[in-house]
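Observations on the model geometry
Chain by chain, the residues run as shown.
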Amino acid sequence: MIEVTTLCYLEQDGQYLMLHRVKKKQDANAGKWIGLGGHVEAGESPDDCVVREVFEESGLRLTSFQIRGIITFCQEGRDAEYMFLYTADGFFGELAAACDEGELAWVEKERVYDLPLWEGDKIFLRLLKERTDFFSLKLCYRGDVLVQVVLDGEQRSYCE
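**Side note on the state of the cysteines**
Under the counting rule described, the total for this entry stands at 1 disulfide. A sulfur-sulfur distance of 2.0 Å marks the disulfide that ties cysteine 74 to cysteine 140. Of this pair, cysteine 74 sits in strand β5 (residues 61-75) while cysteine 140 sits in strand β8 (residues 135-142); the two residues are 66 residues apart in sequence, bridging distant segments of the chain. Sulfur of cysteine 49: no disulfide; nearest cysteine sulfur belongs to cysteine 8 and is 11 Å away.

In structure tokens, the structure reads:
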């Protein structure tokens, strides 16, 4: 079965709101820093999902967000995952003091790369910075090791 998820990077004053995944047991993202998001539920669109997930994880309500790309994840022994990638620059509310999934923190965009991230996340974070158009990215992992990158249908070296 294919998983459908969302991920959103809220932007404010040159920073991203990041989630340090340190609270859930059996978490594939344990110890990593990621944006906000989660699984699309029955009857939801990706837009519906990202609004719900951002609110559930942060207490913030999105007012301005944009889909930036779709990421296809493949990993040995797991079904494919399609992740809709968003950025948001409009939101209101008070940032939650606690999140069930980890610790929330505003991080300078240039410092984000210094955090423990998935190698593929570094690629799409760079694309968010360098591109304004919609992109399609395929990231294939063997365990925790990134072994294939395909950007807009073209095989790429992930060091590019």
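Now that the structure is up, let's keep going.
**Quick notes on the nonpolar core**
Tyr9, Ile71, Leu85, Phe124, Phe135, Leu137 and Leu139 are the most contacted members of the largest nonpolar core, which totals 26 residues. Contributing elements (two or more residues each) for this core: β1 (3-12), β2 (15-20), β5, β6 (81-92), α2 (119-130), β8 and β9 (145-151). Broken down by element, this core gets its largest block of residues, 5 residues, from α2. Counting residues in each nonpolar core, the second largest holds 17 residues, with Ile34, Leu60, Leu62 and Phe91 among its members.

**A few points about the pairing of β8**
As judged from the 7 bridges shared by β5 and β8, these two strands associate in the parallel manner. Its bridge partner being in β8, cysteine 74 is matched across the sheet by cysteine 140. Of the pairings in the sheet, the one linking β8 to β9 comprises 6 bridges and is antiparallel in character. Each bridged residue has a counterpart across the sheet, and for leucine 137 the counterpart in β9 is leucine 151. In sequence, β8 turns back onto β9 through a hairpin of 2 residues, with glycine 143 there showing a positive phi of about 65°.

What counts, and at which threshold
Residues numbered from 1 in each chain as written. Predicted model: local features only at pLDDT ≥ 70, side-chain atom pairs only at ≥ 80, totals over all residues. Heavy atoms only, no water. Disulfide = S-S within 2.5 Å. Helix = DSSP H or I, 4+ residues; strand = E, 2+ residues; numbered from the N terminus. Core = buried A, V, L, I, M, F, W, Y, C linked by side-chain atoms within 4.5 Å. Buried < 20%, exposed > 50% of the residue type's maximum accessible area, 1.4 Å probe, protein only. Pairing = 2+ DSSP bridges.

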